[in-house]
Amino acid sequence: MRIAFAGSPGAAVAPLRALAASEHRVALVITQPDRPRGRRGAPRPTPVADAALELGLPVERPATINAPEVVARLEAERVEALVVVAFGQILREAILSARPCVNVHFSLLPAYRGAAPVERAIMDGVDETGVTIMLMDAGLDTGPMLLSRAVPVTDEDTGGGLTERLSHLGAELLAGALDGLADGSLAPVPQPEDGVSLAPKITAADRPVDRARPAAAVVRHIQALAPHIGASAAIDGEPFKLWGARRVDDPAPASALAAADGRLLLACADGAVEITDLQPPGRGRMAARDFLRGWRGSLTWGENG
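Residues numbered from 1 in each chain as written. Predicted model: local features only at pLDDT ≥ 70, side-chain atom pairs only at ≥ 80, totals over all residues. Heavy atoms only, no water.

1. With respect to the packing of helix α1 (residues 13-20) against helix α6 (residues 159-183)
Packing of α1 against α6 leaves a shortest axis separation of 8 Å and a crossing angle of 35°. Read as a crossing pair, α1 and α6 show a hand that is right-handed. Packed against α1, whose contacting residues are A14, P15, A18 and L19, the element α6 presents S167, H168, A171, L174 and L178 at the interface. (Axes fitted to C-alpha atoms, helices over the stretch in contact; angles between N-to-C directions. Helix = DSSP H or I, 4+ residues; strand = E, 2+ residues; numbered from the N terminus. Left-handed = near helix turned anticlockwise from the far one by under 90°. Contact = heavy atoms within 4.5 Å.)

2. A look at the sheet that holds strand β7 (residues 101-105)
Sheet strands associate in pairs through backbone hydrogen bonding, adopting either a parallel or an antiparallel arrangement. If you walk across this open sheet you meet the 7 strands as β5-β2-β1-β6-β7-β8-β9, and the pairing is mixed. Pairing within the sheet leaves two strands with one partner each, and these edge strands are β5 (59-60) and β9 (145-152). Note that strand β8 (residues 128-135) and β9 share 7 bridges and pair antiparallel. Looking across to β9, one finds that E128 is bridged to P152. (Pairing = 2+ DSSP bridges.)

3. Considering the packing of aromatic side chains
Tallied over the entire structure, the rule returns 3 aromatic pairs. Both rings, one in F240 and one in W295, keep their centres 5.5 Å apart while their planes meet at 85°; by these two values the pair is edge-to-face. One end of the pair, F240, is in strand β11 (residues 238-248); the other, W295, is in the segment after α8 (288-294), and 55 residues separate them in sequence. Overall, W295 belongs to the partly exposed group, its relative accessible area being 23%. Between F291 and W295 the ring centres are 5.1 Å apart and the planes differ by 35°, which places this aromatic pair in the tilted class. Judged by relative accessible area, which is 2%, F291 ranks as buried. Ring-pair connections join several aromatic residues into one group, and the members of that group are F240, F291 and W295. Residue placement shows R285 over the ring face of W243; its charged tip is 3.6 Å from the ring centre. (Phe/Tyr/Trp six-rings, centres within 6.5 Å; stacked < 30°, edge-to-face > 60°. Buried < 20%, exposed > 50% of the residue type's maximum accessible area, 1.4 Å probe, protein only. Lys NZ or Arg CZ within 6 Å of the ring centre and 35° of its normal.)

4. Structural notes on unusual backbone geometry
The omega angle of the peptide bond from L109 to P110 is 15°, so this bond is cis rather than trans. Mapped onto the elements of the fold, P110 is located in the loop between β7 and α5 (117-124). Cis geometry marks the peptide bond from A226 to P227, where omega comes out at 0°. With respect to the secondary-structure elements, P227 resides in the loop between α7 (215-224) and β10 (231-235). Of note, Y112 is a non-glycine position whose phi angle comes to about 60°, a positive value. The backbone of D236 sits at a positive phi, close to 50°, despite the residue not being glycine. In this structure, D236 sits in the loop between β10 and β11.

5. Here we look at the pairing of β7
With 5 of 5 residues buried, β7 is to be regarded as a mostly interior element. Burial of β7 is two-sided: the residues C101, N103 and H105 facing one way and the residues V102 and V104 facing the other way are all buried. Where strand β6 (residues 81-85) meets β7, 3 bridges bridge the pair, whose relative direction is parallel. Bridge pairing in β7 places L82 opposite C101. As judged from the 4 bridges shared by β7 and β8, these two strands associate in the antiparallel manner. Paired with V104 across the two strands is I133, which belongs to β8.

6. Side note on the pairing of β10
With 5 of 5 residues buried, β10 lies mostly within the body of the structure. What you see with β10 is no split at all: A231, A233 and I235 on one side and S232 and A234 on the other are buried throughout. Counting the residues in the hairpin turn of β10 and β11 gives 2 residues, including D236, whose phi is positive at 50°.

Geometric descriptors of this kind do not, in isolation, establish any biological role.
Next comes the structure, spelled out in structure tokens:
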């Protein structure tokens, strides 16, 4: 099949590479426009654009995939199916109705429909998640399914690490799903009506750590947003990002936050959590032990932390 591929972040790169190595032909790659990145704010291509250029594939960077010129380009390239992986834009009817639109979604649908299925699954403490290859429709991840496969969620998983695992799993499944779609051996199956849940985009309101919750939930919160978003906390009135944590058997410190034998302990509802990695304002990420060696504050936990 002649395929167009739409994706933007690193999570979409493995599926793109898998398609480029398959018998299907990637006729066009569509990705988000270059955006300022890094400290200097210089415009940088998306990871998908970088990979496509390395593979010698033609790339479009439209402000919107639904623009008439993009629709016309898909027609001109005789695209038979559009594969979408973490693209970041909503497809409209002109795109959806012209050809099969195949989505690699990082959950076991109908659970965790939406933009943040991996982070929400970790936050909720589920035992397993997975990848679903589905046909897109006008709803929010509501289309019929072609393939799915489950993976366990471990206590060590972070949002970034689990996303990478699911990206490679999606890459393994994608070419087979397209083969089955092309030869009719895979019949789309409607999603079950039971088990529906939503995974809305992570916003600033989702980032602050609530130490009034159980320790296990606090650890999952921090891990779910690492290493790409960052849970937030106010320490000595300064905005910090928290990048790593683990449950410990120590009793909860008398104060909300305390140093103990070179470790940074946070009191939670049912015990203590050790903050292992964090980022003070204006500085890079660091181990908590290194932070404690240089910090001269009182380790006061802020109201919004």
